[in-house]
Amino acid sequence: GNVGYGRKADIWSLGCTVLEMATAEKPWGDGAFDNLMCAVRTIAMSDELPQIPDNMPEWGKDMIKSCLNREVNCRPSTS
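Let me sum up the structure you'll find in this document.

Definitions and limits used
Residues numbered from 1 in each chain as written. Predicted model: local features only at pLDDT ≥ 70, side-chain atom pairs only at ≥ 80, totals over all residues. Heavy atoms only, no water. Salt bridge = Lys/Arg side-chain N within 4 Å of Asp/Glu carboxyl O. Helix = DSSP H or I, 4+ residues; strand = E, 2+ residues; numbered from the N terminus. Buried < 20%, exposed > 50% of the residue type's maximum accessible area, 1.4 Å probe, protein only. Expected span 1.5 Å × (residues − 1). Contact = heavy atoms within 4.5 Å. Core = buried A, V, L, I, M, F, W, Y, C linked by side-chain atoms within 4.5 Å. Patch = residues over 30% accessible without salt bridge, like charges linked within 9 Å, V, L, I, M, F, W, Y side chains within 5 Å. Areas by Shrake-Rupley, 256 points an atom, 1.4 Å probe, with all protein chains shown as cover. Polar contact = N/O pair within 3.5 Å; in protein donor to acceptor, adjacent residues only side chain to side chain.

1. Quick notes on the pattern of salt bridges
Phase 1 of the analysis: Applying the stated criterion across every chain, the model contains one salt bridge.
Phase 2 of the analysis: A salt bridge links E58 to K61, with the shortest nitrogen-to-oxygen separation between them at 3.2 Å. Taken as a pair, E58 and K61 lie in helix α3 (residues 58-67) at a separation of three residues, close to a single helical turn.
Phase 3 of the analysis: For K61, a relative accessible area of 12% puts it in the buried group.

2. As for helix α1 (residues 7-23)
Phase 1 of the analysis: The end-to-end C-alpha distance of α1, which contains 17 residues, comes to 24 Å, matching closely the 24 Å that a straight helix rising 1.5 Å per residue would cover.
Phase 2 of the analysis: In this structure, the buried residues of α1 make contact with α2 (36-45) and α3.
Phase 3 of the analysis: Backbone geometry just downstream of α1 places A24 in the positive-phi region, at approximately 60°.

3. Focus: the nonpolar core
Phase 1 of the analysis: Core analysis: the largest hydrophobic core is formed by eight residues, namely W12, C16, L19, W28, I52, M56, I64 and L68.
Phase 2 of the analysis: The element best represented in this core is α1, accounting for three residues.
Phase 3 of the analysis: Look past the residues within four positions of C16 in its chain and what remains in contact with it is P27 and L68.

4. So, unusual backbone geometry
Most of the time, phi is negative for any residue but glycine, and the peptide bond is trans.
Phase 1 of the analysis: Residues other than glycine seldom take positive phi values, yet A24 does so here, at roughly 60°.
Phase 2 of the analysis: By the element assignment, A24 lies in the loop between α1 and α2.
Phase 3 of the analysis: Here A24 falls in the exposed class, since its relative accessible area comes to 69%.

5. Describing a nonpolar patch on the surface
Phase 1 of the analysis: On the surface, L36, M37, V40 and M45 cluster together into a nonpolar patch covering about 460 Å² of accessible area.
Phase 2 of the analysis: Summarising the element assignment, M37 is placed in helix α2.

6. Focus on the side chain of S46
Phase 1 of the analysis: With respect to the secondary-structure elements, S46 resides in the loop between α2 and α3.
Phase 2 of the analysis: Here T42 takes part through its backbone oxygen, which lies 2.5 Å from a polar atom of the side chain of S46.
Phase 3 of the analysis: Among residues more than four places away in sequence, those in contact with S46 are R41 and R70.

7. Remarks on the environment of G31
Phase 1 of the analysis: Counting through the fold element by element, G31 comes out in the loop between α1 and α2.
Phase 2 of the analysis: Residue class for G31 comes out exposed when judged on its relative accessible area of 69%.
Phase 3 of the analysis: In sequence terms G31 and T17 are 14 residues apart; their C-alpha atoms lie 17 Å from each other.

Distances and angles like these do not, on their own, reveal function.
Here it is in structure tokens:
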């Protein structure tokens, strides 16, 4: 089976990194979580996605959305 994390997780991380660079904040915003378990529940176990700024160009929004797709197999590949 598929065990552990792979390149699709790296794609998720890329989307978060680009969002951080665009906003100069953590992807869910500074102070978004009261504690570590809140962060894990939201990031790993919910359908929530971080907010993407309205003032970003459409191509940037599309790139981030594709990287942050909750359906792992729908994220872009590395090839």
